[in-house]
Amino acid sequence: MSFYRKYLKNGLKVGLSVVAVGGSVLVWNAGKSAAFERVDGEKILVVAGRQSVETLDPSIKYNASIRTMQQALYDGLVKYEGSPANVVPWLAQSWESNADGTRWTFTLNSKAKFHNGDPVTAEAVNYSFARTLELGKGPSWMLADFLKPEGIRVVDEKTIEFNLEKPYAAFLSFLPWWYVMNPAQVEANAVEGDRGQKWLTSNAAGSGPYMLKRFEQGRLYELTRVKDYWHQDASKSNIGGVIYKLVRETSAQRAALMKGEADIVLNLSPDEFKQVQKAKGIVTSTEPALTSFGLKFNTQGKHMADRNLRKAVAHAFDYNALVTLFNGNAVLQTSPFTDDIKGKISVPAIPRQDFAKAKDYLSKSAFPDGGIELEYVYVQGFEVTRQMGLVLLDNLKKLNINLKLVPLTWPNIVARGSKPETAADITAIFTTPVSTDPDAVAYQYHPKSWGRYYGVHFYDNAKVKGLIEQARFTTKWEDRAPLYEEIQKIIVDDQPEIFGMMRNRQVAYRDYVKGFSYSPVRMTTEIDLYGLRIE
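Residues numbered from 1 in each chain as written. Predicted model: local features only at pLDDT ≥ 70, side-chain atom pairs only at ≥ 80, totals over all residues. Heavy atoms only, no water.

### Section: the nonpolar core
- Membership of the largest hydrophobic core comes to 105 residues, with the highest contact counts inside it found for Leu 77, Phe 106, Phe 129, Leu 143, Phe 162 and Ile 264.
- Contact partners of Phe 129, with chain neighbours within four places excluded, come to Leu 77, Leu 143, Leu 147, Ile 152, Phe 162, Leu 175 and Trp 178.
- Ranked by size, the runner-up nonpolar core spans 47 residues in total, among them Phe 367, Val 384, Leu 399 and Ile 413. (Core = buried A, V, L, I, M, F, W, Y, C linked by side-chain atoms within 4.5 Å. Buried < 20%, exposed > 50% of the residue type's maximum accessible area, 1.4 Å probe, protein only. Contact = heavy atoms within 4.5 Å.)

Structure below.
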């Protein structure tokens, strides 16, 4: 029995603990098979997630839980739907661009309105994009190299024009994550020139299918469905709202789902997910995702700056363990690009476990006999990343390399990974591209990504940098495709990380929950609440 098999068998014995639920209107129907909440006679869906919602502000931050809430509270000009992911009209009912892709003109849906009744106007779009660009946080990086606030022009009340400084082929594909805020509400709550940042942390000024009812940080977040939502499909939903409740332990999530205390659970451990798949009254959804898992090397660090050492570690790793840890619900990467990214190729030279090659590369490194210790940083409490570290630890013993496992909270991982001097030798990272355009992945290997969690490899190759910049400024796909093919091959050869696996999205929910929509561009624990109903 392999090391990780033994670990999986013995290492997941965690105690059950069901988190108490607050709110005087809530009554848990433990033990019943159909026990969604009811508030004032309306059905309320309960989602049990493990990731808190740090802020609701669309200009400041996004992750899986934040995007789930932002997408419910706000609308974008366009939205991702379906598989493969397609960009469809939303606030914008139509758009057009000029021949070289530097000017984009959007016409807004005349029915769109904010929750307070104000119409969604071109001026509101202008305000929202300018605010995000000027604050320089959250999604600002997606467009900041091409779009400046002064490049946005209000043509009339329902027409907005974006004038890019350079052609950018991926422009439209990033817009689903740029949400439109009501400037009147935001500015009315601004304090000391903060542009409403403090208020928008726990309040909303959107036009989405849900309104915010409660924001109890670290505990639960409650939404009320907008009955007269301006978009045409609102009638499909019959629920009164959604409670997103924090349940930190995966065993407690599973217990809540089985008892009917939660209707949807996110991010169960692989073993917990396997258990609920067999349960009556439970539906599980397993779909491919753009999310990849990699072990990123600090290529500017004391040890991993050595390319031969990186290649040695990459060839020592047991890749099959990644699939086994997820009970087969994962696929190994064959490129730095995940499978649904446009232009992805399978790179023949991508490493698999081969100790002969590992020892050969090690002999060419500055550490031919091993005898070193590498630091492996992973998210504290994220059990599968610890297990992956244990697998690597076992593998590297054969190269006389010790691996020190260091659990850190996510904020501390981000802080340490902000510069090469403090980043660990190896950091376990899940990454989800925000677009199916290859620029969304390729740019992770551009020096401008240094300091961000996905750029913790601090990769620097002048040729790759030039190819990335050439490809993103090129509009014709037939000219871009060969550039991305070369980029993938060079990155694999440089080995700035162990290219791991693509984990499937795994969502478990009660069988009376209907209306789930799936799109691979969503993060693995992100769900679209729009259209969910109970039957």
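And the narrative resumes.
### Section: the packing of helix α10 (residues 307-316) against helix α17 (residues 477-494)
- Direction vectors running N to C along α10 and α17 enclose 90°, while the axes themselves pass 9 Å from each other. With respect to their mutual orientation, α10 and α17 come out roughly perpendicular. Of α17, the residues touching α10 (which contributes Arg 307, Arg 310 and Lys 311) are Val 492, Asp 493 and Asp 494.
- Of the residues contributing to the contact of α10 with α17, the split by class is 1 nonpolar, no polar and 5 charged. (Axes fitted to C-alpha atoms, helices over the stretch in contact; angles between N-to-C directions. Helix = DSSP H or I, 4+ residues; strand = E, 2+ residues; numbered from the N terminus. Parallel < 35°, antiparallel > 145°, perpendicular 65-115°, else oblique. Nonpolar A, V, L, I, M, F, W, Y, C, P; charged D, E, K, R; others polar.)

### With respect to the packing of aromatic side chains
- Counting across every chain of the model gives 29 aromatic pairs.
- Judged by centre distance (6.1 Å) and plane angle (50°), the rings of Trp 141 and Tyr 454 are tilted. In this pair, Trp 141 is assigned in helix α4 (residues 140-143) and Tyr 454 in the loop between α15 (439-442) and α16 (462-472), connecting sequence segments 313 residues apart.
- Relative accessible area serves as the criterion here: at 15%, Trp 141 is assigned to the buried category.
- By way of ring pairs, the aromatic residues Trp 141, Phe 146, Tyr 168, Phe 174, Trp 410, Tyr 453, Tyr 454 and Phe 473 are connected into one cluster. (Phe/Tyr/Trp six-rings, centres within 6.5 Å; stacked < 30°, edge-to-face > 60°.)

### What about unusual backbone geometry?
- In this chain, Ser 83 is followed by Pro 84 through a cis amide linkage whose omega measures 0°.
- With respect to the helices and strands, the residue Pro 84 is situated in the loop between β3 (78-81) and β4 (86-89).
- Non-glycine residue Arg 195 carries a positive phi angle of around 60°.
- Of note in the backbone geometry, Asn 267 takes a positive phi value of approximately 65° without being a glycine.
- Position of Asn 267 among the secondary structure elements: in the loop between β12 (264-266) and α9 (270-277).
- Asn 267 gets classed as buried once you look at its relative accessible area, which sits at 15%.

From the geometry alone we can't say anything about function, so treat these as descriptive.
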